[in-house]
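Below, each chain spelled out in residue letters.
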Amino acid sequence: MADLSIEFAGIKSPNPFWLASAPPANSGEQVMRAFDAGWGGAVWKTLGDPIMNVTSRFGGVDYDGRKLMGLNNIELITDRPLETNLREIREVKKRYPKNVVIASLMTETKNDWKVLIRKCEDAGVDGLELNFGCPHGMCERGMGSSVGQEPKLLQEITSWVKEFAKTPVLVKLTPNTGDIVEAGTAAVAGKADGIALINTIKSIVGVDLDRLVPLPRVGKASTNGGYCGPAVKPIALHMVAALAREPGMIPISGIGGIATWRDAAEFIALGATSVQVCTAVMHYGYRIVRDMIDGLSEYLDAQGMKSVNELRGRAVGGYQEWGDLDLSYKLVASIDAKSCIGCQLCVTACHDGAHQCIFTGADDRPRPPHAHAHGPAKAPKPLPLGAIAGDRVPWIDEPECVGCNLCQLVCPVPGCISMVEVPNGKSETWNDRVKQGRDKLPGGIHEDA
Amino acid sequence: MTLEKLPEDRLENELADKKPLYSEAEAKAEADRCLYCSDAPCIKACPTEIDIPTFIKKIASGNVRGSARTIFEQNLLGHSCARVCPVEVLCQGDCVYTGWGRDPIQIGRLQRFATETATRAGQAPVLAKKVDVAVAKKRVACIGGGPASLAFAGYLALEGHEAVVFEKRGYAGGLNTTGIAPYKLHAHDALHEVAWVEGLGVEVTTGVEVGADDGPGRISGKKLLETYDAVFIGVGLGADSKLGIPGEDGPGVYGATEWIERMKLEMTKAHREEVAGKRVLVVGGGNTAIDVARECALLGAAEVSMCYRRGVPEMSGYAHEMSGGRKEGVRLVGHVQPVAFVRDAGGKLTALRVAKTDANAKPIAGTEHEIPCDLVALAIGQSKLSGIAAALPGVELDKRGCVVVADTATCVTGNPKVFAGGDCINGGKEVVNAVADGRNAARALLARWAGK
């Protein structure tokens with residue numbers, strides 16, 4: 001079994017799986033149950049001046065019958081007295097010395113930061129996470145994302161914290177910003193020890209169409225919330241990767257839609273050292289970590305990696321600017337007639353949403369006027385008869401296929417449509433073409449075109 | 001409406017729905033499973049070509065009224081069809097999930113949910129009669145009040161025309177009312193659908209038979225042709241066929257459709273003892289035979305056996321129905337041919353004498369034996385109602401006695417003013433085929449009136 005233990009800015013954790021600062025890490029009783037289930041660490045629900053919450057607080061986005069593709073919340077930081085939280089943190093650290101407890105913090109004045117940090121460190125936390133990301137409620141009071149959106153302020157408060165802190169300091173960033181790198185470099189400039197991202201995305205999760213009030217509804221009104229869950233993972237991956245590419249970057253704790261070991265592995269491959277999970281736990285409970293641990297370990301073994309540290313950042317270099325992508329690389333779709341069930345979703349998707357190159361039946365088809373390859377599309381002979389879907393199995397007009405993946409993405413049968421490389425021995429990028437003067441920018445559009 | 005005439009404690013009500021109405025949550029969950037296939041095979045497998053993926057997507061989005069409209073556009077009797085169609089061999093049988101080895105989408109149950117929910121009492125109508133008709137208002141008459149006629153009349157009424165249905169029985173709805181197995185559709189639900197079609201503007205007159213002459217409870221074909229712009233024949237089939245063997249006439253021997261009709265409409269719970277604890281034999285291997293066998297088994301018959309002169313592979317009844325019947329205790333005695341009914345001195349039926357049959361389904365001499373029984377239902381076919389052709393000049397019958405139509409796309413007979421559909425043209429198919437015929441005839445007629 002591969003070694004899953006990590007060290008994050010000096011904080012040792014038995015595995016990279018931490019609970020994010022959120023309802024699952026609200027109390028000592030919860031955090032201890034989470035550690036029993038296998039979680040390596042927990043970032044405590046944000047401490048500060050206790051607040052008052054509203055009901056309701058959460059809104060979900062379902063998709064085709066699957067629940068919580070996305071989750072939105074308007075809950076604020078902890079509503080429990082600071083002393084209660086500190087007592088429980090002390091208890092957890094006493095009982096679980098090998099597990100990581102990080103205090104998420106949010107307050108206003110320099111002195112408040114000083115007092116809060118001292119109290120938390122006295123309680124035995126392994127590190128501090130500065131909540132500069134919350135996009136609802138707290139930001140209206142000058143905290144949370146209103147700090148994360150102002151790089152100078154972010155850097156300044158980070159520096160205050162570093163003056164007082166003895167334990168490592170993570171800055172949690174908001175994605176509600178134009179350039180995440182600007183915020184990340186401000187945290188580095190403030191001497192933070194690590195970065196955590198993303199916090200939730202400012203959002204309205206839906207509208208109650210009977211009452212015509214946005215959701216989640218609080219009486220006759222609602223407010224914007226923070227969006228998280230599987231739907232936000234691609235945004236989070238992009239932001240983690242963007243920071244991981246920055247020279248001199250500090251350790252990153254990846255957050256955003258992580259529900260499985262596979263999600264976690266993607267974040268780690270794009271540069272994260274630890275990952276934090278909330279929505280999936282809110283949906284299915286702490287028990288999901290068992291498969292996360294087991295699955296990541298199996299994956300690392302299969303890849304021949306002895307430690308999760310070997311995976312970290314391995315996909316960072318696989319990111320290139322669009323202009324450096326190989327324009328000559330060619331893929332075409334291929335349908336496995338045996339596993340095709342004949343739903344023909346690929347046909348409609350290709351015709352309405354892509355490049356009109358998947359057909360059914362034996363007749364050769366006229367290509368649309370914008371076709372890349374002129375003349376009729378020739379059906380392959382023999383057609384894939386005898387398969388379970390019989391003559392409903394579609395065929396690909398290969399010369400016209402642009403290799404966009406859409407058919408594969410809509411196909412409900414795993415493995416039925418594959419994208420096959422057509423080697424041509426060539427390699428050329430758009431930047432190459434610009435350099436050689438074969439592609440113009442800008443001003444390539446002619447008045448008389 | 002005739003609904004109030006039905007006794008409330010009817011025996012058929014003892015048999016509960018095998019596929020009850022989905023709750024909203026169940027319907028949504030099932031609708032979400034639909035892949036929304038392009039050029040979907042389920043549509044092609046439906047004789048009325050309902051746009052199934054579209055109506056299912058509408059259920060998934062919460063647009064149940066729109067879903068029902070999508071169904072009714074193609075099949076005005078979408079509610080009864082949802083419940084009586086052999087979906088296992090039609091739409092659901094061709095669901096792409098079936099080929100994949102996964103459970104097909106429960107199209108019938110979703111269709112029932114949409115149509116039943118959207119037409120529930122107190123709802124605004126989902127279909128509205130056209131008021132601004134481009135063509136002059138026409139009058140049509142339908143002979144027979146079954147699904148074919150109701151579809152024909154309903155579609156024409158929706159276009160603003162006047163449609164009258166003449167039904168010789170006391171209840172309209174045809175086999176939906178009199179013949180469908182109660183665990184699929186009860187008579188009161190069939191009559192609710194008739195009432196709904198009446199609500200679209202169709203006039204249903206029961207107790208009137210169309211024939212050679214006019215009189216009380218009778219109207220002549222001649223008069224119909226004089227009075228109406230078009231006539232639709234949807235008379236279905238006639239009486240149950242008989243074996244023509246000794247001992248057939250007498251108590252204990254029934255025609256299957258005759259017995260089912262009586263069980264659905266007339267028998268009350270007090271009549272249960274006619275079946276309960278009795279030994280029942282059903283002669284035949286078709287769907288009516290399986291239906292009557294299953295109904296008897298569910299009503300508590302001590303033994304139910306089907307006697308069929310060939311083997312299982314040759315049975316015209318659906319395999320899924322037979323398999324359901326077997327689970328309910330129905331036995332199949334294959335390769336036997338009834339030769340005589342055995343009665344005691346008092347005339348009471350005691351057994352059916354049968355002979356074994358050879359590979360050509362012919363009785364083998366010397367193999368006769370008796371199967372003890374108290375009740376026999378004959379499900380070996382029904383006669384054709386050939387009299388109707390004589391009443392309507394130009395209407396012809398084929399060798400089987402079916403009304404001849406040019407094709408099922410128009411359902412027009414030899415008389416251009418006369419259309420026909422349903423069992424009387426095909427010899428006995430599904431309700432959905434009858435609806436398709438009635439609809440196609442209505443469309444052909446509308447196209448003709450529009451000068452297309």
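Note that this is a predicted model, so its numbers are computed, not measured.

Comments concerning the environment of Arg-262 of chain B
Looking at the element boundaries, Arg-262 of chain B is found in helix H12 (residues 256–265). Along the primary structure Arg-262 of chain B and Gly-244 of chain B are separated by 18 residues, whereas in three dimensions their C-alpha atoms are 23 Å apart.

A closer look at the pattern of salt bridges
Taken as a whole, this structure holds 48 salt bridges over all chains when the rule is applied. Ionic pairing is found between Glu-83 of chain A and Lys-119 of chain A, a salt bridge with its closest N-O pair at 3.0 Å. Residue Glu-83 of chain A is found in helix H2 (residues 82–95), and its partner Lys-119 of chain A is found in helix H3 (residues 110–123); the two are separated by 36 residues along the sequence. On the basis of relative accessibility, which here comes to 47%, the residue Glu-83 of chain A falls in the partly exposed class. A relative accessible area of 27% places Lys-119 of chain A in the partly exposed class. For Glu-14 of chain B, the salt bridge is made with Arg-272 of chain B, and the minimal N-O distance between the two is 2.8 Å. Placement of Glu-14 of chain B in the segment before helix H1 (24–33) and of Arg-272 of chain B in the loop between H12 and strand S8 (279–283) is noted, with a sequence separation of 258 residues between them. Among the residues examined, Glu-14 of chain B registers a relative accessible area of 35% and is labelled partly exposed. Residue Arg-272 of chain B is classed as partly exposed on the basis of its relative accessible area, which comes to 27%. Several salt bridges share partner residues, and in doing so they unite Asp-17, Arg-83, Arg-112, Glu-116 and Asp-189 of chain B into one network.

Concerning the interface of chain B and chain A
Each side of the interface is counted separately: chain B has 14 residues, and chain A has 13 residues. Summed over both sides, the interface between chain B and chain A buries roughly 1,000 Å², with carbon and sulfur atoms accounting for 56% of that surface. Here chain B and chain A share zero salt bridges between them. On the surface where chain B and chain A come into contact, there are six residue pairs in polar contact (both at pLDDT 80 or more). The set of elements that each furnish at least two residues to the side of chain B that touches chain A consists of H1, helix H2 (41–45) and helix H6 (96–99) of chain B. In terms of residue class, the side of chain B that touches chain A is made up of seven nonpolar, two polar and five charged.

Details of empty space enclosed by the protein
Residues and elements named next belong to chain A. Taken as a whole, this structure holds six cavities of 30 Å³ or more when the rule is applied. A volume near 450 Å³ is recorded for the largest cavity. Around the largest cavity sit 35 residues that line it, and Ser-21, Ala-22, Asn-73, Asn-199 and Thr-200 are the ones nearest its centre. If you list the elements that add at least two residues to the lining of the largest cavity, you get strand S4 (41–47), strand S6 (66–73), strand S8 (127–131), strand S14 (225–228), strand S16 (272–277) and helix H9 (279–284). In terms of residue count, H9 provides more of the lining of the largest cavity than any other element does, three residues in total.

Some points on helix H7 (residues 107–118) of chain B
Residues and elements named next belong to chain B. Taking 1.5 Å per residue, twelve residues should reach 16 Å; H7 reaches 16 Å between its end C-alpha atoms and fits that length. In terms of burial, H7 is a largely internal element, ten of the twelve residues being buried. Buried residues in H7 make contact with H1, H2, helix H3 (52–61), helix H4 (64–74) and helix H5 (78–84).

A word on unusual backbone geometry
In this chain, Thr-55 of chain A is followed by Ser-56 of chain A through a cis amide linkage whose omega measures -10°. With an omega dihedral of 10°, the bond running from Leu-197 of chain A to Ile-198 of chain A counts as a cis peptide bond. Assignment of secondary structure puts Ile-198 of chain A in the loop between strand S10 (194–197) and strand S11 (201–203). Here the phi dihedral of Asp-39 of chain B falls at roughly 50°; this positive angle occurs in a residue that is not glycine.

As for the sheet that holds strand S5 (residues 58–63) of chain A
All names here are of chain A. A sheet is described by the order of its strands in space; here four strands give the open sequence S5-S6-S14-S11, paired in antiparallel fashion. What marks the edges here is a single partner per strand, and that holds for S5 and S11. When strand polarity is set aside, the average angle formed by the axes of neighbouring strands in this sheet is 40°. Sheet topology places S6 next to S14; three bridges connect them, and they run antiparallel. Among the inter-strand pairings, Asn-73 is bridged to a residue of S14, identified as Gly-226.

Side note on the packing of aromatic side chains
According to the stated counting rule, one finds ten aromatic pairs over all chains in the structure shown. Pairing Trp-113 of chain A with Phe-132 of chain A gives two aromatic rings, centres 6.3 Å apart and planes at 80°, and the pair type is edge-to-face. Within this pair, whereas Trp-113 of chain A is found in helix H3, its partner Phe-132 of chain A is found in the loop between S8 and helix H4 (145–148), the two being separated by 19 residues in sequence. Residue classification places Phe-132 of chain A among the buried residues on the basis of a relative accessible area of 1%. For the pair Phe-152 of chain B and Phe-232 of chain B, a centre-to-centre distance of 4.6 Å together with 20° between the ring planes defines the contact as stacked.

Notes on the domain arrangement of chain A
Per the domain assignment, the segments making up chain A are domain 1 (6–318) and domain 2 (320–442). Taking only C-alpha atoms into account, the centre of domain 1 of chain A sits 41 Å from that of domain 2 of chain A.

Definitions and limits used
Residues numbered from 1 in each chain as written. Chains lettered and ligands numbered in written order. Predicted model: local features only at pLDDT ≥ 70, side-chain atom pairs only at ≥ 80, totals over all residues. Heavy atoms only, no water. Helix = DSSP H or I, 4+ residues; strand = E, 2+ residues; numbered from the N terminus. Salt bridge = Lys/Arg side-chain N within 4 Å of Asp/Glu carboxyl O. Buried < 20%, exposed > 50% of the residue type's maximum accessible area, 1.4 Å probe, protein only. Contact = heavy atoms within 4.5 Å. Buried area = accessible area lost by both parts, 1.4 Å probe. Polar contact = N/O pair within 3.5 Å; in protein donor to acceptor, adjacent residues only side chain to side chain. Nonpolar A, V, L, I, M, F, W, Y, C, P; charged D, E, K, R; others polar. 1 Å grid on protein atoms, 1.4 Å probe; cavity = no way out; pocket = protein on both sides within 12 Å on 5 of 7 lines; lining within 4 Å. Points joined across faces, edges and corners; volume = space filled by probe spheres on them. Expected span 1.5 Å × (residues − 1). Pairing = 2+ DSSP bridges. Axes fitted to C-alpha atoms, helices over the stretch in contact; angles between N-to-C directions. Phe/Tyr/Trp six-rings, centres within 6.5 Å; stacked < 30°, edge-to-face > 60°. Domains from an automatic or database assignment.

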